[in-house]
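# Geometric and topological summary
Spelled out, the chains give:
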Amino acid sequence: MSGINPISNFFSKTLGAISKSKPVKKMTKAFQENPEGALAITTVGSIVVKDGIGCYKYVTQSINNKDIPEDKRTFVASMDLTNGLLMIGTQIGMFFLMRKFSEPMFNKFFKKSFNPKIKRDILTRLRMESKKAGEIPPRKLEAEKAYSEVRSNALSLFKFIVDVGIATIIGKRIITPFIATPLAGIVESKLFKKDKEHKNADGDKLEINHSNENKKDLDDKVEDLVDEIKDELKEEIKDDLNLNKKENDDDDDD
Amino acid sequence: MKIDKIYQNYQEHNNSKRIKPNYSQVGFAGKNPNSLPDRITNSLPGKKVLQFMQEKLSWMKGEIGGVAMTAIGTGAVAPWPIAFNPMVKPKKGATEEEKEDLKNTKYYTAWRQPVSAVLAAIFQIGALTPIDKFLDYLYNTPELAKHFDVDTNQSVLNNDGFVKRKMKKEMQKDGLSKSSMGKANYEAELKSRIKAFQESQIESLAEKIKETHKIQVGKEFINDKKVANIVNEQINNYISDAEKLKINKEYLEFYSKRAKVLIENEDYLKKIFENLPEDPLKLQEKLKELAKKETNSDVKKLIEEILDRSADIQSSRIKRTFQRINKIKHICGKDYSPEKYMQAMMERNGELDNIIKNLEACKIKDMTSAKPSDIQKAIQKAIDSCHFDGKNPLQTSILHDAKTFGTNKEKLSTKIYKDIAKGYKKFVQKSYKSHNQIWKIAIGVCITLPITCNVLNWVYPRFMNWTFPELSKSKVKQKQLENQNQGKEVK
């Protein structure tokens, strides 16, 4: 094991053990059998997981972030929530929609480069060049294979950029915010309605929201209240006891 | 059939000038500096766009590209719909302060996007590149790769990124750098070394497969069933090549009619295509004139078909027309007849059908119980099916110069074993891709995403307070506070 550092060794052993687990092996099999489909599913899966977790984190952080002005905090949080959910939906939708349309789009954009006429011309041109250079002209079969390779490489890159680009730019960044911003207002009014009503009705500083500090304040207040009630109860019990004692004493006197 | 004569003539005519080309040759030392796909790209219209995609955008295909596109969308596109969304309006009867406040809230929220994009680019793209290198290192170094699922172990045939870095280090050791060699020469030398290294790995694996008919990776072996599948896929490729050499049934009638036109008008065509100008543009003009004047509709169509091709290859098409006439005459002997020609084309297709049938028979049928001996038999049969002795003129005329078929059995055997090694490379790359995706998603979700979120949470309000303090303040709130304070003061 000369030259292998312990960190690399640790990672290879740990990841190696995970890589032999059933779910990972299943995924590897999916990639072996249908790499394009498996890549699409993992890409969408990655989007869902990342945006889902991102959405959860952004929402909880925005609610608790005292650095954001208080009156904007609930709107930012609602925006994060609606954004997150819509992002997942629009991206999945756009990604699979684009998978159907990106190839026809490629054919349209690159129709000057890839069409039957050009294919024939290229073959003739290659033959001409080869003859001039004193070489064996490539056979139609070889030239066609190479032509298909050029096209499929360009198509594969174009498809990836367009599918992911449109899903992440159009779906996630144009459609989502247009729907999310007005929806955020509705979400805000529904989710944070009670807080606002409470605030408006009381007018005092008791705010019930999800911030840890406020929860702590509330807990303290509840504790104080419980203590107060306890004291009052104690007093009452004492009074009762005193009263009973007095009554008993009076009875004894009789 | 006299097809052999055509091939003999063709060979005799060209033999003196011929140099066997290596179309896959790279680097700056050879006669053909580019591979066949590169040469095709260079001659396509729109080559600049295609070259730009190939050279500058190929890095985008993968997780890094996904993150980069997301960051572009977040930073450059997302703020606009948030800040200027016409669907978000102030309430009816809202005061000027409330309207202003809503506008500020929208701007305040919109600014979060570019801040988030910059942080995502720094943390996520910044992390993915070294992660990629690290994963390559783990899966390509034999001592480390042995811990992973054998299907993903790339220590026998290293992946492109790993080889590139390895060759760069080697060149550095040899004292070769961009500054000492010039960028173009450095790149060409690097490309050449990568190619040579990968070729040597393929050759070495192909020899081992030839000996054992198994694929050994470290101390483990790839499952025989999977090796059998790789062999069958390769045989399918050869079948597809043979299919492509066949004359499509739909065109048989067309070729037959065209042959009739060419033979019947041979002398006339020679006459009209005599003394044509060499300059492509002048030639095009001349052809246009000929097409305009032409009264024979078949010949007119022929000229128009030539005119339909690019100006620079029109002269070649005229030469090709005469080559076709010679070919038809040779196929049919001196006495051309449409029936004879049709029969020759059918025979050609029949010969290819036989090859396809033989190749189909080579395939391993029972995959579940496939053993090395079955794999060996299948490969041997495939070698025999792709071999032709050069004595059968019909076969020779069809299969000459096609890489899949050959007259030298030993060379063919080496090629087929190399093809299987290349098939294994594709298999291991696909398998590794699954792990690469899983680890990157896991790292993204568990490490880089939480870091980005937390950093954004810290940076965003501070950035806004620092750069746009007016957006951070609420005018309505301020007004309420002022009113409250005034009330208190009054009291």
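One can find the structure itself at the top, above this paragraph.
Residues numbered from 1 in each chain as written. Chains lettered and ligands numbered in written order. Predicted model: local features only at pLDDT ≥ 70, side-chain atom pairs only at ≥ 80, totals over all residues. Heavy atoms only, no water.

## A closer look at the interface of chain B and chain A
Interface size is commonly expressed as the accessible area that is lost once the parts come together. Contacts between the two partners involve 111 residues from chain B, matched on the other side by 93 residues from chain A. The interface formed by chain B and chain A contains six salt bridges. D149(B) is the partner of K25(A) in a salt bridge, and the nearest nitrogen-oxygen pair spans 4.0 Å. Viewed at the interface, chain A and chain B are joined by 23 residue pairs in polar contact (both at pLDDT 80 or more). The element that contributes the greatest number of residues to the side of chain B that touches chain A is helix α21 (residues 409-467) of chain B, accounting for 20 residues. The residue makeup of the side of chain B that touches chain A, split by class, is 47 nonpolar, 35 polar and 29 charged. (Contact = heavy atoms within 4.5 Å. Salt bridge = Lys/Arg side-chain N within 4 Å of Asp/Glu carboxyl O. Polar contact = N/O pair within 3.5 Å; in protein donor to acceptor, adjacent residues only side chain to side chain. Helix = DSSP H or I, 4+ residues; strand = E, 2+ residues; numbered from the N terminus. Nonpolar A, V, L, I, M, F, W, Y, C, P; charged D, E, K, R; others polar.)

## So, the nonpolar core
Residue and element names in this part refer to chain B. Counting 48 residues, the largest nonpolar core has F405 and Y424 as the members making the most contacts within it. Going through the elements one at a time, α11 (183-212), α12 (224-245), α18 (338-362), α19 (372-386), α20 (393-399) and α21 are the ones with two or more residues in this core. Of the residues forming this core, the biggest block, nine residues, is contributed by α12. If we skip the residues at most four places from it in the chain, F405 touches Y238, A242, L245, I355, S385, C386, F388, L399 and L412. With 27 residues, the next largest nonpolar core counts A259, I263, L283 and A344 among its residues. (Core = buried A, V, L, I, M, F, W, Y, C linked by side-chain atoms within 4.5 Å. Buried < 20%, exposed > 50% of the residue type's maximum accessible area, 1.4 Å probe, protein only.)

## A word on the packing of aromatic side chains
Scanning the entire structure with this criterion turns up 21 aromatic pairs over all chains. Plain terms: the ring middles of F114(A) and Y147(A) are 5.7 Å apart, the flat faces sit at 70 degrees to each other, and that makes the pair edge-to-face. Residue F114(A) is found in the loop between α4 (70-109) and α5 (116-132), and its partner Y147(A) is found in helix α6 (residues 140-191); the two are separated by 33 residues along the sequence. Positioned over the ring face of F221(B) is K214(B), at 4.6 Å from the centre of the ring. (Phe/Tyr/Trp six-rings, centres within 6.5 Å; stacked < 30°, edge-to-face > 60°. Lys NZ or Arg CZ within 6 Å of the ring centre and 35° of its normal.)

## Quick word on α5(A)
For α5(A), spanning 17 residues, the distance from its first C-alpha to its last is 25 Å, which sits close to the expected 24 Å at 1.5 Å a residue. Looking only at α5(A), the buried set comprises I118(A), D121(A), I122(A), L123(A), T124(A), R125(A), L126(A), R127(A) and S130(A). Buried residues along α5(A) sit in contact with α6 of chain A together with α2 (36-43) and α17 (314-332) of chain B. Count one or two residues on from α5(A) and you reach G134(A), which has phi positive near 75 degrees. (Expected span 1.5 Å × (residues − 1).)

## With respect to a nonpolar patch on the surface
Residue and element names in this part refer to chain A. A cluster of nonpolar side chains, contributed by I170, I175, I179, L183 and I186, occupies part of the molecular surface with about 350 Å² of accessible area. Residue placement: L183 occurs in helix α6. On the basis of relative accessibility, which here comes to 32%, the residue L183 falls in the partly exposed class. (Patch = residues over 30% accessible without salt bridge, like charges linked within 9 Å, V, L, I, M, F, W, Y side chains within 5 Å. Areas by Shrake-Rupley, 256 points an atom, 1.4 Å probe, with all protein chains shown as cover.)

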